[in-house]
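# An overview of the molecular structure
Residue-level listing of the chains:
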Amino acid sequence: LHPQGQLLAKSWSSLFEGPSGATPRGPIYSFNGRKVLTDPLWPRHLAWHGSTPRGRHARRWDCQGWRSSGVAEGMATPLGEGRLLAGHRHNCSTA
């Protein structure tokens, strides 16, 4: 255990190495302290990132400029998949 909490990845760049990014380690918490993988507030367990599998900006699928009445799609990865950037397109309205 580190003084700041648990280690998620060895470095910032290691999150994006390889074709699908790093496998997240340990529990993931929201900014208000909820455990994302077990809290009912997070039903889909998605990591929204708007990136290609190589870590580049997915301009067409980043939900930028999205409005609640829109049908835009963004790149997100189910956290249980184990690879941070192995994303799929999801409707930007998805909780």
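Relevant structure appears above.
None of these values were measured; they are calculated from a predicted model.

Cut-offs used in this document
Residues numbered from 1 in each chain as written. Predicted model: local features only at pLDDT ≥ 70, side-chain atom pairs only at ≥ 80, totals over all residues. Heavy atoms only, no water. Helix = DSSP H or I, 4+ residues; strand = E, 2+ residues; numbered from the N terminus. Buried < 20%, exposed > 50% of the residue type's maximum accessible area, 1.4 Å probe, protein only. Contact = heavy atoms within 4.5 Å. Areas by Shrake-Rupley, 256 points an atom, 1.4 Å probe, with all protein chains shown as cover. Salt bridge = Lys/Arg side-chain N within 4 Å of Asp/Glu carboxyl O. Core = buried A, V, L, I, M, F, W, Y, C linked by side-chain atoms within 4.5 Å. Pairing = 2+ DSSP bridges.

### Some points on the overall build of the protein
Within the protein, the regular secondary structure consists of zero helices and three strands. Starting at the N terminus and walking to the C terminus, you meet the elements of the protein as β-β-β. For the protein, the proportion of its 95 residues judged to be buried stands at 27%. Long-range contacts, defined here as pairs at least 24 residues apart, represent 50% of the contacts in the protein between residues at least 6 apart. Here the protein displays about 6,800 Å² of accessible surface, and carbon together with sulfur accounts for 55% of that area.

### Comments concerning the pattern of salt bridges
For the structure on display, the rule yields two salt bridges. Across the pair Asp39 and Arg34 runs a salt bridge whose closest N-O atoms are separated by 3.0 Å. Linking Arg89 and Glu73 is a salt bridge whose minimum nitrogen-to-oxygen distance equals 3.4 Å. Within this pair, whereas Arg89 is found in strand S3 (residues 88-91), its partner Glu73 is found in strand S2 (residues 73-78), the two being separated by 16 residues in sequence. Overall, Arg89 belongs to the partly exposed group, its relative accessible area being 46%.

### Some words on the nonpolar core
Counting residues in hydrophobic clusters, the biggest one holds five residues: Val36, Ala47, Leu79, Leu84 and Leu85. Residues in contact with Leu79, not counting those within four places in the same chain, are Ile28, Val36, Leu37, His45, Leu46 and Ala47.

### A word on the pairing of S2
With three bridges connecting them, strand S1 (residues 46-48) and S2 associate as antiparallel partners. If you follow Ala47 over to S2, its bridge partner there is Thr77. With four bridges joining them, S2 and S3 adopt antiparallel strand pairing. Residue pairing in the sheet places Ala76 in a bridge with His88 of S3.

### Considerations on the environment of Gly55
Summarising the element assignment, Gly55 is placed in the loop between S1 and S2. Relative accessible area serves as the criterion here: at 32%, Gly55 is assigned to the partly exposed category. Sequence separation between Gly55 and Leu85 is 30 residues, and the spatial gap between their C-alpha atoms is 6.9 Å.

### Focus: unusual backbone geometry
Its identity as a non-glycine residue notwithstanding, His45 has a phi of 55 degrees, on the positive side. Looking at where His45 falls in the secondary structure, it is placed in the segment before S1. For His45, a relative accessible area of 25% corresponds to the partly exposed category.

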